[in-house]
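# Descriptive structure summary
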Amino acid sequence: MESISQLTTDKPQVSKAEKQQTIQNEAIVALIAVIACAEAGFIGGYAPIAAHGHAVDYYAYPKYTFNYGVHSPHTGDVKNQWESRDGDVVKGSYSLHEPDGTIRTVEYTADDHNGFNAVVHKSGHAVHPAVVPVAHYGGYGKYY
């Protein structure tokens, strides 16, 4: 009769390369399964459903509105945006304060007939800091 220690030492050893190959094979099988589920319509939001012999495409009507703004006196970051969508028509606007002191405002629309259109407005006057001459000490690039 064999002892327990002999049974455990007789197990075949699996190399690191074999373990990595097994993990890669499992990952490939999982990826193929996910792709098959997506193609079948189980993943991705909605799937066509047959009703009375016709394929019916059920989905949520795309309608939303959002807006947000940032005003940080610590970083100087000032910007805002709003957008609304009703079906295939999207309208929105965003603005931000540029480093030169101007305000850039972009108004945009998008639909299936006209595509994406944006109009950019810039308001305010650009202010650039004065150039300060660099003091050179000594002659010929030497500092004393």
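The notes below deal with the structure included here. Here the structure is a predicted model, which means the values were calculated and not measured.

## Things to note about the pattern of salt bridges
- For the structure on display, the rule yields 3 salt bridges.
- For D77, the salt bridge is made with K79, and the minimal N-O distance between the two is 3.6 Å.
- Accessibility expressed as a relative area gives 32% for K79, which makes it partly exposed.
- Close ionic contact of D88 with R85 constitutes a salt bridge, the shortest N to O distance being 3.8 Å.

## Overview of the side chain of E98
- On the secondary structure map, E98 appears in the loop between β5 (89-97) and β6 (103-111).
- When its relative accessible area of 18% is taken as the criterion, E98 is described as buried.
- Discounting residues that sit within four places of it in the chain, E98 has contacts with R104 and K122.

## Overview of a nonpolar patch on the surface
- A cluster of nonpolar side chains, Y64, F66 and Y68, forms an exposed patch at the surface whose accessible area comes to about 270 Å².
- Structurally, the position occupied by Y64 is in strand β3 (residues 63-72).

Procedures and definitions
- Residues numbered from 1 in each chain as written.
- Predicted model: local features only at pLDDT ≥ 70, side-chain atom pairs only at ≥ 80, totals over all residues.
- Heavy atoms only, no water.
- Salt bridge = Lys/Arg side-chain N within 4 Å of Asp/Glu carboxyl O.
- Buried < 20%, exposed > 50% of the residue type's maximum accessible area, 1.4 Å probe, protein only.
- Helix = DSSP H or I, 4+ residues; strand = E, 2+ residues; numbered from the N terminus.
- Contact = heavy atoms within 4.5 Å.
- Patch = residues over 30% accessible without salt bridge, like charges linked within 9 Å, V, L, I, M, F, W, Y side chains within 5 Å.
- Areas by Shrake-Rupley, 256 points an atom, 1.4 Å probe, with all protein chains shown as cover.

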